[in-house]
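Structure at a glance
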Amino acid sequence: MSSAFESFVAVHKYQLSSIPEELWQSLFMKLGEDYLDAGNFVELHHGDPMEGYTLHVKADKTIKKHSEIFLVDHAWTTSPETAKEELRLNPSLMDRLENLMNIDPIDAPVDSDDEEDDEIKPSDELVQLVATQANVSEKEAREALIAENNEVVNAIMHLTIDPEAKAEADRLQDQVMGQMLASGKPQEKEDKENRERLKRREEREKTWINQRVEQIYEKMWSYLQTYTYSILQQDGQPISQTAWYITDEVGSAICHSSDPNVICLPFIFSRGASGMIPYSVIFPIKDIGPGEIITCDILPKSIQRESDKLAYLFAFEDRVLLDNGIQSKRNELIDLFKAKQEKLKNQTFTSVESLKYLSAEKVLETLKKEGEDKAKAEKIVVYTDTTFIQQYLKLDNVKFTDDPIKADIIWTSNMFESWDSLKSQQIINRIPNEECITFKNKLNELIYNTFGLPDWYLPTYNITTQLSEFVGDFLSKEDEVNTNIWITKPWSMSSSSSLDVTKNLSKIIRQYDNPVPRIAQQYLTSPCLYNGKKFGLHYFVLVYRTEPHLVACVYNMFLVRLANKKYSIENLDDHESQLTTMNQMTQLDCKSFIHNVEKQHNFKWDFIQRDINTVIKNILIAATNTSQPLGSLTENNTSKLNTFSVYGVDIILTNTFKPIITGVNSSPDCIKACEYDSEFVNDIFSVIDGRFGNIEKSLSKFTPL
């Protein structure tokens with residue numbers, strides 16, 4: 001065994017563990033020479049046995065189990081965020097991918113000169129009209145129309161003017177043209193026309209390229225594969241990255257089978273100082289006879305449920321080897337979805353009498369009494385790592401500290417787990433297990449398992465654990481083209497850059513492979529609009545405590561997030577129109593919003609606000625009255641602690657003014673709230689601790705839930 005081969009094995013030991021050892025030497029040799037010899041054994045077929053390309057053993061060849069290993073190039077390595085721009089900048093890549101994916105090419109725009117000819121070519125109807133009116137032949141009529149740029153009246157006049165007048169007109173025309181030539185105006189006109197012609201041509205070219213990009217992007221999800229690698233950060237700690245790639249024509253022609261005859265997997269070849277080269281490798285796990293189709297298993301090993309395995313294959317509709325195609329299985333998933341829907345419809349929450357919460361009147365009474373029972377303190381020590389607290393907390397008896405051990409009140413924007421380190425008299429803005437509502441996947445599970453199918457929540461699925469339910473729902477709505485639209489969101493992030501609106505089933509399914517786990521939520525296509533734009537409402541909810549009863553209230557001032565552009569369902573990629581988190585410019589205070597939206601839609605906001613408060617309270621009641629792991633937003637064994645929390649709750653309204661909850665955020669950024677109401681932070685602190693001495697005044701800013 002050569003030292004070079006030994007080094008190769010040592011460096012690639014982890015990857016080689018998935019490959020039969022008898023193939024290592026051959027792989028080493030082929031990698032060293034970049035030897036792509038699969039074409040000696042296999043060939044591409046088109047339309048046999050399915051639409052598009054498939055890979056087959058040549059008619060005069062046989063491949064024995066573990067006898068060969070083939071290298072496969074990666075045609076394109078990309079990321080979902082950069083894919084479209086990469087395609088726009090690489091026409092040859094678009095050509096290759098269109099062929100590889102069996103995409104019918106879109107005809108290129110005609111040359112600008114040809115188009116100009118088409119633009120001035122008169123129609124037969126116009127020719128006949130001019131010929132009749134001017135009493136001339138169709139040939140003369142056509143020439144006159146071309147000369148007069150299809151102006152019918154001018155063409156008729158051109159043909160009917162008497163010879164003497166025509167001669168005088170021609171003389172004047174020549175004289176004017178001579179003067180224009182001397183002044184250079186004809187050249188200016190020609191230059192302007194050329195610029196306009198070039199601009200039109202560029203616009204046609206841009207439109208054509210964008211159409212091609214969209215076609216490739218829509219279909220690439222059936223061909224993309226992934227591998228994960230680590231890079232070192234500046235602090236020396238590794239961070240995991242995921243690469244999305246499409247293999248070359250050979251690799252992309254391998255279709256899926258539950259009884260595969262080859263394995264295809266990525267292999268990242270390290271050339272030392274020369275860097276890393278990504279390949280994929282193919283090797284047979286069965287004897288494959290002449291002409292036989294080559295198949296592999298594309299299902300991720302992490303998928304456990306059989307229904308989820310079937311659902312995942314719907315992302316690869318044209319690449320799944322089944323007797324009647326993958327669509328023959330669609331009813332299985334639809335029936336599964338409908339059965340679960342029926343079960344959820346019958347879901348009822350625990351009777352109100354047994355729930356641990358107080359009426360709104362009792363909440364207000366509790367807050368007032370507990371606040372007034374505490375005498376105003378000369379000094380209350382506050383620790384915070386949050387900028388807006390440091391900037392806006394201006395109560396006269398506050399003293400800040402850099403040491404949380406010395407603090408009476410701790411306000412942190414970071415995750416907190418050190419419950420044992422807290423003293424009994426300390427107050428902290430965190431409640432144990434609050435991720436049951438602040439993580440979208442857990443909030444989703446909580447709502448479905450407690451309320452079933454409430455009308456204040458859109459159909460939502462955890463792509464990691466509810467793939468078959470989602471695909472069944474999507475397939476059941478396939479005829480509803482204009483409303484079968486979904487938005488995908490990470491479990492624990494809410495920035496606009498992490499949101500995606502799409503009607504592409506394959507793309508949503510492939511989010512299973514995204515390193516950041518996501519939910520898919522049906523997109524509200526009929527929202528209530530403000531001046532033609534979408535808007536979202538962001539409420540701040542103070543949970544004063546959860547034991548022995550829920551005590552919570554909502555701040556009366558809320559944020560209005562307005563989309564930058566008027567709403568249209570035509571372009572789902574236009575986040576300026578679809579999302580309400582993009583606007584950093586338009587400032588709209590809630591009082592002005594309420595006044596204007598009441599006028600636009602002719603309703604009373606008080607009724608809407610009542611429904612919004614009910615939805616928020618429903619979430620909190622479910623979280624505090626449901627045991628772990630679904631809920632348990634309670635102090636449990638940490639009941640000796642004084643905990644509270646402020647949550648940001650996102651609400652949208654339907655066009656029938658029904659509130660829909662879209663998310664709950666822990667430790668929300670309150671900068672905007674402080675800019676609208678400089679007393680916002682003071683009010684919160686005054687309510688959570690009566691020792692500040694402002695309980696009566698501050699409570700007037702809240703509505704008890």
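This text follows the structure it describes.
So, here's what we can say about the structure. (Residues numbered from 1 in each chain as written. Predicted model: local features only at pLDDT ≥ 70, side-chain atom pairs only at ≥ 80, totals over all residues. Heavy atoms only, no water.)

1. Examining the side chain of Arg518
- Inspection of the secondary structure assignment puts Arg518 in strand E18 (residues 518–522).
- For the buried residue Arg518, which engages in no salt bridge, the nearest side chain bearing the opposite charge is Asp500, 6.2 Å off.
- In terms of polar contacts, Arg518 uses its side chain to reach the backbone carbonyl oxygen of Thr488, at 3.2 Å.
- Those residues in contact with Arg518 that lie beyond four places of it in its chain are Tyr461, Asn462, Ile463, Thr464, Thr488, Lys489, Pro490, Trp491, Ser498, Leu499, Asp500 and Gln511. (Helix = DSSP H or I, 4+ residues; strand = E, 2+ residues; numbered from the N terminus. Buried < 20%, exposed > 50% of the residue type's maximum accessible area, 1.4 Å probe, protein only. Lys, Arg positive; Asp, Glu negative; His and termini not counted. Salt bridge = Lys/Arg side-chain N within 4 Å of Asp/Glu carboxyl O. Polar contact = N/O pair within 3.5 Å; in protein donor to acceptor, adjacent residues only side chain to side chain. Contact = heavy atoms within 4.5 Å.)

2. Considering the packing of helix H18 (residues 440–451) against helix H23 (residues 605–625)
- Close contact between H18 and H23 brings their axes to 10 Å; oriented N to C, the two are set at 90 degrees. By the criterion of interaxial angle, the relationship of H18 to H23 is roughly perpendicular. Of the residues in H23, those touching H18 at Leu443, Leu446, Ile447, Thr450 and Phe451 are Asn618, Ile619, Ala622 and Ala623.
- Within the contact of H18 with H23, the residues separate by chemical class into seven nonpolar, two polar and no charged. (Axes fitted to C-alpha atoms, helices over the stretch in contact; angles between N-to-C directions. Parallel < 35°, antiparallel > 145°, perpendicular 65-115°, else oblique. Nonpolar A, V, L, I, M, F, W, Y, C, P; charged D, E, K, R; others polar.)

3. A closer look at the environment of Ala108
- As for its placement among the helices and strands, Ala108 is situated in the loop between helix H5 (91–100) and helix H6 (112–120).
- The exposure class assigned to Ala108 is partly exposed, which follows from its relative accessible area of 46%.
- Sequence separation between Ala108 and Asn90 is 18 residues, and the spatial gap between their C-alpha atoms is 16 Å.

4. Observations regarding the sheet that holds strand E3 (residues 70–72)
- Here we have three strands laid out as an open sheet, ordered E3-E9-E8, and antiparallel in their pairing. This sheet does not close on itself; its edge strands, each paired only once, are E3 and strand E8 (262–270). Going from strand to strand, the sheet's axes swing by 35 degrees on average, the running direction of each strand aside.
- Of the strands in this sheet, E3, E8 and strand E9 (276–284) touch helix H3 (residues 24–33), which is tilted by about 40 degrees from E3. (Pairing = 2+ DSSP bridges.)

5. With respect to the sheet that holds strand E14 (residues 427–428)
- Read from one edge to the other, the open sheet built from five strands follows the order E12-E11-E13-E14-E23, with strand pairing classed as parallel. Each of the sheet's edge strands pairs with one partner strand only, and the pair in question is strand E12 (398–400) and strand E23 (642–643).
- For strand E11 (residues 380–384) and E12, the ladder comprises three bridges, and the chain directions are parallel. Residue pairing in the sheet places Val381 in a bridge with Lys399 of E12.
- Helix H25 (residues 680–688) contacts E11, strand E13 (409–411) and E14 of the sheet and is inclined by roughly 135 degrees relative to E13.

6. Observations concerning H5
- The complete set of buried residues in H5 reads Leu93, Met94, Leu97, Glu98 and Leu100. When H5 is viewed along its axis, its buried side chains cluster within an angular range of 165 degrees and face the same direction.
- Where H5 terminates, the next one or two residues include Asn102, which has phi positive at roughly 60 degrees. (Arc of directions from axis to C-beta.)

7. Notes on the pattern of salt bridges
- Throughout the structure, instances matching the rule amount to 35 salt bridges.
- With its nearest N and O atoms 3.7 Å apart, the salt bridge here joins Glu696 to Lys368. With a gap of 328 residues between them, Glu696 in helix H26 (residues 695–699) and Lys368 in helix H15 (residues 360–372) connect regions that are remote in the sequence.
- Note that Lys507 and Asp500 form a salt bridge whose closest N and O atoms lie 2.8 Å from each other. Asp500 carries the same exposure label as Lys507, and that label is buried.
- Where salt bridges share partners, they join Arg305, Asp308, Lys340 and Glu469 into one cluster.

8. A few points about unusual backbone geometry
- Residues Asp48 and Pro49 are joined by a peptide bond in cis, for which omega reads 5 degrees.
- Residue placement: Pro49 occurs in the loop between strand E1 (42–46) and strand E2 (53–57).
- Each neighbour pair has its own omega, and for Glu547 with Pro548 the value is -5 degrees, a cis peptide bond.
- Along the polypeptide, Pro548 turns up in the loop between strand E20 (533–545) and strand E21 (551–555).
- Even without being a glycine, Asn602 presents a positive backbone phi close to 55 degrees.
- Among the structural elements, Asn602 can be located in the loop between helix H22 (590–601) and H23.
- Residue Asn602 is classed as exposed on the basis of its relative accessible area, which comes to 71%.
- Of note in this structure, Ser667 is not a glycine but carries a positive phi near 40 degrees.
- Here Ser667 shows up in the loop between strand E25 (659–666) and helix H24 (671–676).

9. Thoughts on empty space enclosed by the protein
- Summed over all chains, the structure comprises five cavities of 30 Å³ or more.
- Empty space within the largest cavity amounts to approximately 70 Å³.
- Every residue lining the largest cavity is listed: Ala38, Val42, Leu55, Ile63, Phe70, Val250, Val262, Ile282, Pro284, Ile288 and Ile294. (1 Å grid on protein atoms, 1.4 Å probe; cavity = no way out; pocket = protein on both sides within 12 Å on 5 of 7 lines; lining within 4 Å. Points joined across faces, edges and corners; volume = space filled by probe spheres on them.)

10. What to know about the packing of aromatic side chains
- Considering all chains together, one arrives at 33 aromatic pairs under this definition.
- These aromatic residues form a ring-pair network of at least three members: Tyr530, Phe535, Tyr539, Phe558, Phe593, Phe603, Trp605 and Phe657.
- Of note, Lys61 hangs over the ring of Phe41, and the distance from its end group to the ring centre comes to 5.5 Å.
- The ring of Trp208 has Arg212 sitting right over it, with the charged end atom 4.7 Å from the ring centre. (Phe/Tyr/Trp six-rings, centres within 6.5 Å; stacked < 30°, edge-to-face > 60°. Lys NZ or Arg CZ within 6 Å of the ring centre and 35° of its normal.)

11. A closer look at the environment of Ile254
- Looking at where Ile254 falls in the secondary structure, it is placed in the loop between helix H12 (249–252) and strand E7 (255–256).
- As for Ile254 and Cys296, which are separated by 42 residues in sequence, their C-alpha atoms are 6.8 Å apart.
- Setting aside residues no more than four positions away along its own chain, Ile254 makes contact with Leu55, Ile282, Ile294, Thr295, Cys296 and Arg319.

Note that all results are geometric; they support no functional claim without further evidence.
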